[in-house]
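# Architecture and fold: a report
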Amino acid sequence: MTWFNTNAAHNLINVLILLLTGLVGFDWTLFGIDAALALKITGVLTLLKIVMNVVRDGVAGLVRRQPAVEGN
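Residues numbered from 1 in each chain as written. Predicted model: local features only at pLDDT ≥ 70, side-chain atom pairs only at ≥ 80, totals over all residues. Heavy atoms only, no water.

### Some remarks on the overall build of the protein
Heads up, the condition is: A run of H or I in DSSP counts as a helix once it spans at least four residues, and a run of E counts as a strand once it spans at least two, with each numbered from the N terminus. The size measure is the radius of gyration over C-alpha atoms, and the globule rule it meets is 2.2 Å times the number of residues to the 0.38 power. Just so you know, the count uses Lys and Arg for positive and Asp and Glu for negative, and it drops His and the chain ends. By convention, charge coordinates are those of NZ in Lys, CZ in Arg, CG in Asp, or CD in Glu.
A count of helices and strands for the protein gives two helices and zero strands. Relative to a compact globule of 72 residues, whose C-alpha radius of gyration would be 11 Å, the protein shows 15 Å and is clearly more extended. Over its C-alpha atoms, taken along the principal directions, the protein stretches across nearly 40 × 30 × 20 Å. Separation between the mean location of the 5 positive side-chain charges and that of the 4 negative ones in the protein comes to 11 Å.

See the structure below:
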């Protein structure tokens, strides 16, 4: 899967976070997820994104100016 890279993983995680936190009016208890569990899952996903950045770019990469995105 050459299309699946860290940027694709970040986008997937962003969608998961949006689903858990963005749908505020949705009743997740139907699926066994209460508000506290949704918050914990969101925190773990966010931490995963930070760890991915540190592994990929190093700690200095968290504050380094990012290059412009190249169009195809």
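Having seen it, we continue.
### Section: a nonpolar patch on the surface
The following threshold applies: Grouping into patches uses exposed residues only, defined as over 30% relative accessible area, and leaves out salt-bridged ones; the cut-off is 9 Å for like charges and 5 Å for nonpolar side chains (Val, Leu, Ile, Met, Phe, Trp, Tyr). Areas reported as accessible are Shrake-Rupley estimates using a 1.4 Å probe. Residue values count occlusion only from the protein chains shown. Any carboxyl oxygen of Asp or Glu that lies within 4 Å of a side-chain nitrogen of Lys or Arg is treated as forming a salt bridge with it. Exposure categories follow from relative accessible area, calculated using a 1.4 Å probe and restricted to protein chains: below 20% of the type maximum is buried, above 50% is exposed, and the middle band is partly exposed.
Residues Leu-47, Ile-50, Val-51, Val-55, Val-59, Leu-62 and Val-63 make up a contiguous nonpolar surface patch of roughly 700 Å² in combined accessible area. With respect to the helices and strands, Val-55 occurs in helix 2 (residues 35–57). Since its relative accessible area comes to 69%, Val-55 is described here as exposed.

### So, the layout of surface pockets
Applicable threshold: Of the grid points, spaced at 1 Å and generated over the protein atoms alone, those admitting a 1.4 Å probe that cannot get out make up cavities, while open sets with protein on both sides within 12 Å along at least five of seven lines make up pockets; any residue with an atom within 4 Å of a point is treated as lining. Grid points are joined across faces, edges and corners, and a volume is the space filled by probe spheres set on the points. In the scheme used here, Gly and all other residues not listed as nonpolar or charged are polar, with Ala, Val, Leu, Ile, Met, Phe, Trp, Tyr, Cys and Pro taken as nonpolar and Asp, Glu, Lys and Arg as charged.
Of the volumes computed, that of the largest pocket is approximately 310 Å³. Lining the largest pocket are Asn-7, Asn-53, Arg-56, Asp-57, Gly-61, Leu-62, Arg-64, Arg-65, Gln-66, Pro-67, Ala-68 and Val-69. Among the elements that line the lining of the largest pocket, the one with the most residues is helix 2, at three residues. By residue class, the composition of the lining of the largest pocket is four nonpolar, four polar and four charged.

### Here we look at the packing of helix 1 (residues 6–22) against helix 2
Put simply, the rule reads: Only the stretch in contact is used when a helix axis is fitted, and all axes are lines through C-alpha atoms; the angle between N-to-C directions ranges over 0 to 180 degrees. When an angle is under 35 degrees it counts as roughly parallel; over 145 it counts as roughly antiparallel; between 65 and 115 it counts as roughly perpendicular; any other value is oblique. Helix crossings get a hand from a simple test, with the near helix turned counterclockwise from the far one by less than a right angle marking a left-handed crossing and a clockwise turn marking a right-handed one. Contacts are assigned to residue pairs that have any heavy atoms within 4.5 Å of one another.
For the pair helix 1 and helix 2, the least separation of the axes is 10 Å and the interaxial angle reads 165 degrees. In terms of orientation, helix 1 and helix 2 fall into the roughly antiparallel class. Considering only the axes of helix 1 and helix 2, their crossing is left-handed. From helix 1, Thr-6, Asn-7, Ala-9, His-10, Ile-13, Asn-14, Leu-16, Ile-17, Leu-20 and Thr-21 reach across to helix 2, where they touch Ala-38, Ile-41, Thr-42, Leu-45, Thr-46, Leu-48, Lys-49, Met-52, Asn-53 and Arg-56. Looking at the contact of helix 1 with helix 2 residue by residue, the classes come out as 10 nonpolar, eight polar and two charged.

### Re the UniProt feature "transmembrane region" (unreviewed entry) in the protein
Defined as follows: UniProt positions are given in the numbering used here, feature names are shortened, and annotations may be inferred rather than shown by experiment.
In the numbering used here, UniProt assigns the "transmembrane region" (unreviewed entry) feature to residues 12–31 and 37–55. Note that residues 37–55 is 100% helix and 0% strand, and that its end C-alpha atoms are spaced 27 Å apart.

### Some points on the pattern of salt bridges
When the charged atoms of two side chains lie near each other, side chains of opposite charge can form a pair. With the rule as written, the count across this model stands at one salt bridge. Across the pair Arg-56 and Asp-57 runs a salt bridge, and its minimum N-O distance is 3.3 Å. Arg-56 gets classed as partly exposed once you look at its relative accessible area, which sits at 36%.

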